[in-house]
2 protein chains.
Amino acid sequence: MIVIKIGGTTGVNLAAVTRDIAAHVQEGQRLIVVHGGSGETNAISTQLGHPPQFVTSPSGFTSRYTDRTTLEIFAMVTAGKINTLLVEQLQRLGVNALGLSGVDGGLMTAKRKDAIRIIDSATGKQRILRDDYTGKIEKVNSGLLQLLLEAGYTPVVAPLAISPEGEALNVDADRAAAMVAGAVAADQLILLSNVPGLLRAFPDESSLIHRIARDSLEQSLSFAEGRMKKKVLGASEALALGVRQVIFADGRVEAPLAGALAGHGTVIE
Amino acid sequence: MIVIKIGGTTGVNLAAVTRDIAAHVQEGQRLIVVHGGSGETNAISTQLGHPPQFVTSPSGFTSRYTDRTTLEIFAMVTAGKINTLLVEQLQRLGVNALGLSGVDGGLMTAKRKDAIRIIDSATGKQRILRDDYTGKIEKVNSGLLQLLLEAGYTPVVAPLAISPEGEALNVDADRAAAMVAGAVAADQLILLSNVPGLLRAFPDESSLIHRIARDSLEQSLSFAEGRMKKKVLGASEALALGVRQVIFADGRVEAPLAGALAGHGTVIE
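So, here is what we can say about the structure in this document. (Residues numbered from 1 in each chain as written. Chains lettered and ligands numbered in written order. Predicted model: local features only at pLDDT ≥ 70, side-chain atom pairs only at ≥ 80, totals over all residues. Heavy atoms only, no water.)

## Examining the sheet that holds strand β1 (residues 2-6) of chain B
Residue and element names in this part refer to chain B.
Here's step 1: Strand order in the open sheet formed by eight strands is β5-β10-β2-β1-β13-β15-β16-β14, with mixed pairing between adjacent strands. Each end of this open sheet is capped by a strand with a single partner; those strands are β5 (97-101) and β14 (211-212).
Here's step 2: The pairing of β5 with strand β10 (residues 154-158) spans five bridges and is classified as parallel. Each bridged residue has a counterpart across the sheet, and for Leu100 the counterpart in β10 is Val157.
Here's step 3: Against the sheet, helix α5 (residues 173-183) makes contact with β1, β2 (31-35) and β13 (188-193), and its axis sits at roughly 175° relative to β1, the strand it touches most. (Pairing = 2+ DSSP bridges. Helix = DSSP H or I, 4+ residues; strand = E, 2+ residues; numbered from the N terminus. Contact = heavy atoms within 4.5 Å. Axes fitted to C-alpha atoms, helices over the stretch in contact; angles between N-to-C directions.)

## As for the packing of aromatic side chains
Here's step 1: Scanning the model with the defined rule gives zero aromatic pairs over all chains in all.
Here's step 2: Over the ring of Tyr133 of chain A we find Arg68 of chain A; its NZ or CZ atom is 5.9 Å from the centre of that ring.
Here's step 3: The residue whose ring lies beneath Arg112 of chain B is Tyr133 of chain B, and the NZ or CZ to ring-centre distance is 4.0 Å. (Phe/Tyr/Trp six-rings, centres within 6.5 Å; stacked < 30°, edge-to-face > 60°. Lys NZ or Arg CZ within 6 Å of the ring centre and 35° of its normal.)

## Concerning the pattern of salt bridges
Here's step 1: For the structure shown, the criterion picks out 30 salt bridges over all chains.
Here's step 2: Residue Glu72 of chain B pairs with Arg68 of chain B through a salt bridge whose shortest N-O separation is 3.0 Å. Residue Glu72 of chain B and its partner Arg68 of chain B are both found in helix α3 (residues 68-92); the two are separated by four residues, about one turn of the helix.
Here's step 3: Its relative accessible area of 19% is what places Glu72 of chain B among the buried residues.
Here's step 4: Across the pair Asp174 of chain B and Lys231 of chain B runs a salt bridge, and its minimum N-O distance is 3.1 Å. With Asp174 of chain B in helix α5 and Lys231 of chain B in helix α7 (residues 227-240), this residue pair connects regions lying 57 residues apart in the sequence.
Here's step 5: Put simply, Glu40, Lys81, Glu88 and Arg92 of chain A together with Arg68 and Glu72 of chain B are held in one network by salt bridges that share partners. (Salt bridge = Lys/Arg side-chain N within 4 Å of Asp/Glu carboxyl O. Buried < 20%, exposed > 50% of the residue type's maximum accessible area, 1.4 Å probe, protein only.)

## Some remarks on the interface of chain A and chain B
Here's step 1: Tallying the contact residues gives 39 residues for chain A and 39 residues for chain B.
Here's step 2: Of the roughly 2,900 Å² buried where chain A meets chain B, counting both sides, 63% is carbon and sulfur surface.
Here's step 3: Linking chain A with chain B are four salt bridges, by the criterion used here.
Here's step 4: Here Glu88 of chain A and Arg68 of chain B are joined by a salt bridge, their closest N and O atoms 2.9 Å apart.
Here's step 5: Remark: the boundary between chain A and chain B carries 14 residue pairs in polar contact (both at pLDDT 80 or more).
Here's step 6: Put simply, the parts of the chain that give the side of chain A that touches chain B at least two residues each are α2 (38-47), α3 (68-92), β5 (97-101), α4 (142-150) and β11 (160-162) of chain A.
Here's step 7: A per-element tally of the side of chain A that touches chain B places α3 of chain A first, with 15 residues.
Here's step 8: Per-class residue counts for the side of chain A that touches chain B are 20 nonpolar, eleven polar and eight charged. (Buried area = accessible area lost by both parts, 1.4 Å probe. Polar contact = N/O pair within 3.5 Å; in protein donor to acceptor, adjacent residues only side chain to side chain. Nonpolar A, V, L, I, M, F, W, Y, C, P; charged D, E, K, R; others polar.)

## Points about the relation of the copies chain A and chain B
Here's step 1: Each copy superposes on the other: chain A lies on chain B with an RMSD of 0.0 Å after a rotation of 180° and an axial shift of 0.0 Å. The symmetry that links the two subunits is that of a two-fold axis. Taking the C-alpha atom as reference, chain A places Gly80 of chain A closest to the rotation axis, 1.7 Å from it.
Here's step 2: The fraction of interface residues of chain A whose copies in chain B are also interface residues reaches 100%, indicating that both copies meet through the same surface. (Least-squares fit on C-alpha atoms with pLDDT ≥ 70 in both.)

## Considering the sheet that holds strand β2 (residues 31-35) of chain A
Residue and element names in this part refer to chain A.
Here's step 1: If you trace the eight strands from one edge of the open sheet to the other, you get β5-β10-β2-β1-β13-β15-β16-β14, paired in mixed fashion. Each edge of the open sheet carries a strand with a single partner, namely β5 and β14 (211-212).
Here's step 2: Pairing of β2 with strand β10 (residues 154-158) involves two bridges; the strand directions are parallel. Paired with Val33 across the two strands is Val156, which belongs to β10.
Here's step 3: Each of β1 (2-6), β2 and β13 (188-193) is contacted by helix α5 (residues 173-183), which is oriented at about 175° to β1, the strand it contacts most.

## Things to note about α3 of chain B
All names here are of chain B.
Here's step 1: Helix length check: α3, at 25 residues, gives a terminal C-alpha distance of 34 Å against a target of 36 Å (1.5 Å per residue), a fit within 8%.
Here's step 2: Where α3 bends most, at Asn83, the angle is about 30°.
Here's step 3: For α3, a buried count of 20 out of 25 residues is recorded, marking the element as mostly surrounded by other parts of the structure.
Here's step 4: Phi for Gly94, located one or two positions after α3, is positive at around 90°. (Expected span 1.5 Å × (residues − 1). Bend = angle between axes of the 7 residues up to and from the residue.)

## Some thoughts on the nonpolar core
Buried together is how nonpolar side chains tend to be arranged in soluble globular proteins.
Here's step 1: Residues Val3, Met108 and Leu189 of chain A together with Val3, Met108 and Leu189 of chain B are the most contacted members of the largest nonpolar core, which totals 154 residues.
Here's step 2: Core analysis: the next-biggest nonpolar cluster, separate from the first, contains twelve residues, Ile73 and Ile82 of chain A together with Ile44 and Leu48 of chain B among them. (Core = buried A, V, L, I, M, F, W, Y, C linked by side-chain atoms within 4.5 Å.)

## Topic: the pairing of β5 of chain A
Here's step 1: Of all five residues in β5 of chain A, five are buried, a share of seventy percent or more.
Here's step 2: Here β5 of chain A shows no split at all, with Ala97, Gly99 and Ser101 of chain A on one side and Leu98 and Leu100 of chain A on the other all buried.

Right under this line is the structure:
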């Protein structure tokens, strides 16, 4: 079983990725696709007069501030547009893809971070932000994924979750992919983006780190820039849940999945 | 088995409908929910600078002109927003709802009406419109619905379908509900909207027609105004597919589902 996370819309060669997914599914490989959608959510939020806002945690992680309006736009874009178009494209290639968000069938349950500590960008001081609909995934309904896979469907998952109180929440797609991979005991978790993998000296692509031993993953956090920080965290979570290999790979190439499986990229195990 | 179609956002008491659905599911009733979303698609299309356009067929049916941009907005709003919020609300009420559009798992296959004959509103003459992504449903994957129902999920279906060529298509939600009801051999198809049923003299609610025999359904078309025409067509299709009863009922009341099942509304059988 392989879980593949497709980065947002920028940089990743979606036509090549979907073709490569289709080729692997047709060879009998079981696959689950998880996708993001931050970039497109930003664009559509702005068009709808509700531009995105970002907050930074004291430890330096940046995330979207998700008020209820933003949550609904995020659901619309990720579960409605990106997910549907990805499923459409896979269906066209002969894959019986089936789109779900984590809200559907309680696929992903998350704890709502209803009070998050942030650094105020104006004053540089810490303050508490409330009314945020962001969550940290605590449980994946692997039974639902297995039910669909057994019946021949390829699940395509949008990064939303549901809280025990029944609130839809925005979740990080890399970490969602990690939790899904852990829940189904995937052999590989492949995180595709618009870089060849983890770079020792970002953005110098010749500084690609080819292999990381599981034990030294924490030290690698120091090389990780921006979004890559969450991928490294996701990798660590997936390995802790029993996933054999996590691969950060290039989503811009002709056969991104085959490339990743052949060891091109950063392999963590 | 009951298939319930919830009209667009206007007029229907969504809180009451979802509470009533939850009550029936908790009593062990198997339910499939189908919803629309035209009203909200119009609002968001306009906000996104792509206002809706409508066309009228020579036989007097009005439908949305769905170019590719409109299709993507329609998917976003129906499958992303309306569907997700409906599933969220049902989850909150303890129903393990699971949202799908007809694209997912090939749930609804439709023939694309790629050339439709319309009346030009400026000249009053007939002309052919191309590039329309609207479809007529030909097949419902009832196996997928049964798989989910058996496993305890309540499917919530957005009105999109997929063509054999792999194109996502906008489909009429009333007729989608009819096809779904036929495919699962539902006992009842309940179409909720913001009127008490079929009215002999629209909009006079005291002119409600309580019962229509299946044989005289065609004559009833003459009473049907606007959207109600498609509901009557849907009813006819559902009965032809073996559905026992079709009920047009009021979605504005406190217990709309119980009301419909008690025979309030227009019962066709």
